[in-house]
Number of protein chains: 2
Amino acid sequence: MTSARPIYRANVLVIGAGFAGIRVCQGLRHVGVNVALVDRNNYHVFQPLLYQVATAALSPADIAFPIRRIFRRHKNIECVLANVDKIDLVRKCVCANEQEIDFDYLVIAAGATHSYFGQDQWGPMAPGLKTIDDAIAIRRRILLAYEEAENEMDEESRKAKLTFVVVGGGPTGVELAGSLRQIAVEEISKDYHNIDTKTARVILIDANERVLKSFHPKLSARAEKDLKKLGVEVLLNGRVTHIDENGVKIGDMRVEANNVFWAAGVSAAPIARTLGVELDRAGRVKVNPDLSIPGHPNVFVAGDLASVIDPRTNEPVPGLAPAAMQMGVHVAKIIRQEIQSGVRPEHRIPFKYFDKGTMATIGTTRAIADIWGWKFTGFIAWLMWSLVHVMFLVSFRSKLLVMLNWVFTYMFHSSGARLITGEFKPRIRRFRDVTPRQSADPAA
Amino acid sequence: MTSARPIYRANVLVIGAGFAGIRVCQGLRHVGVNVALVDRNNYHVFQPLLYQVATAALSPADIAFPIRRIFRRHKNIECVLANVDKIDLVRKCVCANEQEIDFDYLVIAAGATHSYFGQDQWGPMAPGLKTIDDAIAIRRRILLAYEEAENEMDEESRKAKLTFVVVGGGPTGVELAGSLRQIAVEEISKDYHNIDTKTARVILIDANERVLKSFHPKLSARAEKDLKKLGVEVLLNGRVTHIDENGVKIGDMRVEANNVFWAAGVSAAPIARTLGVELDRAGRVKVNPDLSIPGHPNVFVAGDLASVIDPRTNEPVPGLAPAAMQMGVHVAKIIRQEIQSGVRPEHRIPFKYFDKGTMATIGTTRAIADIWGWKFTGFIAWLMWSLVHVMFLVSFRSKLLVMLNWVFTYMFHSSGARLITGEFKPRIRRFRDVTPRQSADPAA
């Protein structure tokens, strides 16, 4: 069969190779169906460690794995590198790279992006952290800030260059802020001879009355204490009202800062808007208890894009990696049962989120963890955090390399990947005026 | 002292943080002079392993080291992240980032770039490999070629996407060609289900009658044999007459290929042309035996930018890493002696190149080496090559990580960094027509 416009046909089409999408495919790898996994990148990212790429502790390849590699032994899983432009639920097809892909089952696991609460003009000034390319851009920005400060003669400008503002006190914001201080204090303080990097200000702004509000108040308080011990200025009940290239306004207070990072709003991937179905306030798809879209039993949403209430707690399922993985497993199971055993859609079981606990790190050797109601803090929590995160990395190679990198970073304060790559133009125009210690002219 | 346009003043100004520039600074770190090291990047690259970044075996951070880190204990060495726009030998100043830097001594170690023999329009179609950003771009191109081929339905187009042409049979060309075949045969062959990556053609074109012409003919012959064993098509006496997006012309023969890489011409950094002094045919600066520029005893050229005849062999000193390092050491010694002991310029000793031997790898476990006239080939040579290269990496961290990466790459055929990063648009428009193995419609 040859047609002028070949159409790819998949039994199961999965959009997004994040934690949810990967789990769906893993659950279907031994089932006799064609699965197409579409992602705009050729790799799966271990998002919980993305902030370590942004802060130069790890290299991108340490936490990103070629998707094809993961499924290389499973010939029924086809990896497609493409941007999904549109999903047509009526015609049961997806438009990707100007081409149509038909499906029997569709799993939308396109995740989330940052949201600037309607202030999209803040985007270029306050980059967020969702992708490897975001992380490389933030890394470039952090490292350039120090380079520029080193050569800045004007006191006020230098201070602004050495001021880092992180908007949003969730796990990403806390981890980013902690690492930013750690870099300034431990890792690069000896590398710059004209500035004292330890004077770098890191300001963490949160709109709530405590950081990490999804955690128990006791753990939030401990995290705040640990952050302050590191030298992070924690600004609570603070609402950002303006961002420009030289600073931010929090309420009426202006802070001069050349480096603003956005870890506040999360909104669903824009593709959800092309579905024509009911979305929640954050743009996520409201799904049935089995994770299918109402009226479309063969279309599921999994991961951060799904808005679903846990039937046991009556709480919304949080946008966390473990929840995404569990949703992926759940969807794969439903599809498997219907295909292999002919289970009918009306007999599907609802998705139940199993909360294994949550964790967040503060700087390099501290963390907080809440595991089945048990609360851990400090170094013990950090050890647990490290073990869990290494354990979930995809390959043995990454496990080993990430651990080794941490040994170097934490024990020898030698961070791994302090490279400014990609396009950049250093705004270093004024060099310091250095009076020679000794005249040395060979022609004299 | 504040002036409207502050001027940075250095006793010794070094341009370029390659092998030569780094050695100059290392030789001056305990001398009481201000040294300014200017580079457009914040890192020093271990160039001999750059091809391994381009072929996804290593991450950029494995072979690139922050310059500041190298000199963090030496407060007399100032690292300046800047582009050098112009060198004014008469006024004794350098213009970098629109700012002037004065000097007593100047060391120009700006290295080389690729030259397209006057065919600069070939640049975008046939990228060369000199920087980390080049390596990332080439990596992107190689990985995208396979992604596109996997989804290409037209036989001829698919063949063109799976054809890699490397122009230039020097060490870089040979290493790149060998690695390209290795990837196709060993590392990714299982990852693509619709194409047989082992059918990928790698064509190495050289204008001479043998590859690696700087080596002994016996070693060239062995390298050619090893390349052919790997499946590389070696095309000797071949002159590229045309390159476009879809292929190259070698003499009158056209080869359809979507991936052409340039490892042929090397030309001096363009900054040399602003000097107004005598250059050789490749644009390198003809220097005195002491490496200073004729008529400018306080200005030295070191590394690939210097055109100098070895007084012992009457041969030009080759553009190799060991030669660059030795030149750096030599220049540092002269400056040190004149500053510390008041040795006068007329008593300078000439630079002598000490040839420790040369090596090149072919694929993953073979190499050739010529060490003091002793010739080594095959696995033994490769072991020597590995040891020498790991030994010269700047930090213990890199030594360990590079070795571990090699273990994974060579023993488990799992290359480290197969990421497509940066801006790209996959030209994947036509998906394969996959007939579903089993119909599976839940609504049926």
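Whatever comes next refers back to the structure up there.
Please read these numbers as outputs of a predicted model, since none were measured by experiment.

1. Structural notes on a positive patch on the surface
- A contiguous patch of positive charge on the surface is contributed by Arg73(A), Lys75(A), Lys190(B) and Lys198(B).
- Locating Lys198(B) in the fold gives a position in the loop between α7 (171–187) and β11 (201–205).
- Among the residues examined, Lys198(B) registers a relative accessible area of 43% and is labelled partly exposed.

2. What to know about the packing of aromatic side chains
Residue and element names in this part refer to chain A.
- Under the criterion given, the structure shown has 18 aromatic pairs over all chains.
- Ring centres 5.7 Å apart and planes at 25 degrees place the aromatic pair Phe 379 and Trp 382 in the stacked group. Of the two residues, Phe 379 and Trp 382 both sit in helix α10 (residues 378–392), three residues apart, roughly one turn of that helix.
- According to the relative accessible area criterion, Trp 382 is buried, its value standing at 9%.
- Ring-pair connections join several aromatic residues into one group, and the members of that group are Tyr 116, Phe 117, Trp 122 and Trp 262.

3. Looking at the sheet that holds strand β23 (residues 366–371) of chain A
All names here are of chain A.
- Read from one edge to the other, the open sheet built from three strands follows the order β22-β23-β24, with strand pairing classed as antiparallel. The open sheet has two edge strands, β22 (358–362) and β24 (374–377), and neither has a second partner. In this sheet, neighbouring strand axes are inclined to one another by 5 degrees on average, regardless of whether the strands run parallel or antiparallel.
- With four bridges joining them, β23 and β24 adopt antiparallel strand pairing. Counterpart to Asp 370 in the pairing with β24 is Lys 375.
- Against the sheet, helix α8 (residues 217–230) contacts β22, β23 and β24, and its axis sits at roughly 170 degrees relative to β23.

4. Considering the pairing of strand β16 (residues 259–262) of chain A
Residues and elements named next belong to chain A.
- With burial as the criterion, each face of β16 is covered, one bearing Asn 259 and Phe 261 and the other bearing Val 260 and Trp 262.
- The pairing of strand β10 (residues 163–167) with β16 spans four bridges and is classified as parallel. Bridge assignment links Val 167 to a residue of β16, and that residue is Trp 262.

5. Details of the sheet that holds strand β12 (residues 232–235) of chain B
Residues and elements named next belong to chain B.
- Spatially, β12-β11-β10-β16 is the arrangement adopted by the four strands of the open sheet, whose pairing is parallel. Lying at the two open borders of the sheet, with one neighbouring strand each, are β12 and β16 (259–262). Taking the axes of each pair of neighbouring strands and ignoring which way they run, one obtains an average angle of 20 degrees across the sheet.
- This element, helix α5 (residues 132–150), spans β10 (163–167) and β16 of the sheet and lies at about 160 degrees to β16.

6. Some thoughts on the environment of Glu256(B)
Residues and elements named next belong to chain B.
- Assignment of secondary structure puts Glu 256 in strand β15 (residues 253–256).
- By relative accessible area, Glu 256 is classed as partly exposed at 40%.
- Sequence separation between Glu 256 and Val 287 is 31 residues; the distance between their C-alpha atoms is 44 Å.
- With sequence-adjacent residues up to four places away left out, Glu 256 is seen in contact with Ala 160, Thr 163, Asn 246 and Gly 247.
- A polar side-chain atom of Glu 256 sits 2.7 Å from a polar atom in the side chain of Arg 254.

7. Here's the deal with unusual backbone geometry
- The phi dihedral of Leu291(A) is positive, around 80 degrees, even though this residue is not glycine.
- Examined against the element boundaries, Leu291(A) turns out to sit in the loop between β18 (285–286) and β19 (292–293).
- Note on Leu291(A): relative accessible area 0%, which makes it buried.
- With a phi angle near 70 degrees, Ala56(B) is a residue other than glycine that sits in the positive phi range.
- When you line up the elements, Ala56(B) lands in the loop between α2 (50–54) and α3 (60–63).

Conventions we followed
Residues numbered from 1 in each chain as written. Chains lettered and ligands numbered in written order. Predicted model: local features only at pLDDT ≥ 70, side-chain atom pairs only at ≥ 80, totals over all residues. Heavy atoms only, no water. Patch = residues over 30% accessible without salt bridge, like charges linked within 9 Å, V, L, I, M, F, W, Y side chains within 5 Å. Areas by Shrake-Rupley, 256 points an atom, 1.4 Å probe, with all protein chains shown as cover. Salt bridge = Lys/Arg side-chain N within 4 Å of Asp/Glu carboxyl O. Lys, Arg positive; Asp, Glu negative; His and termini not counted. Charge placed at Lys NZ, Arg CZ, Asp CG, Glu CD. Helix = DSSP H or I, 4+ residues; strand = E, 2+ residues; numbered from the N terminus. Buried < 20%, exposed > 50% of the residue type's maximum accessible area, 1.4 Å probe, protein only. Phe/Tyr/Trp six-rings, centres within 6.5 Å; stacked < 30°, edge-to-face > 60°. Pairing = 2+ DSSP bridges. Axes fitted to C-alpha atoms, helices over the stretch in contact; angles between N-to-C directions. Contact = heavy atoms within 4.5 Å. Polar contact = N/O pair within 3.5 Å; in protein donor to acceptor, adjacent residues only side chain to side chain.

These values are about where atoms sit, not about what they do.
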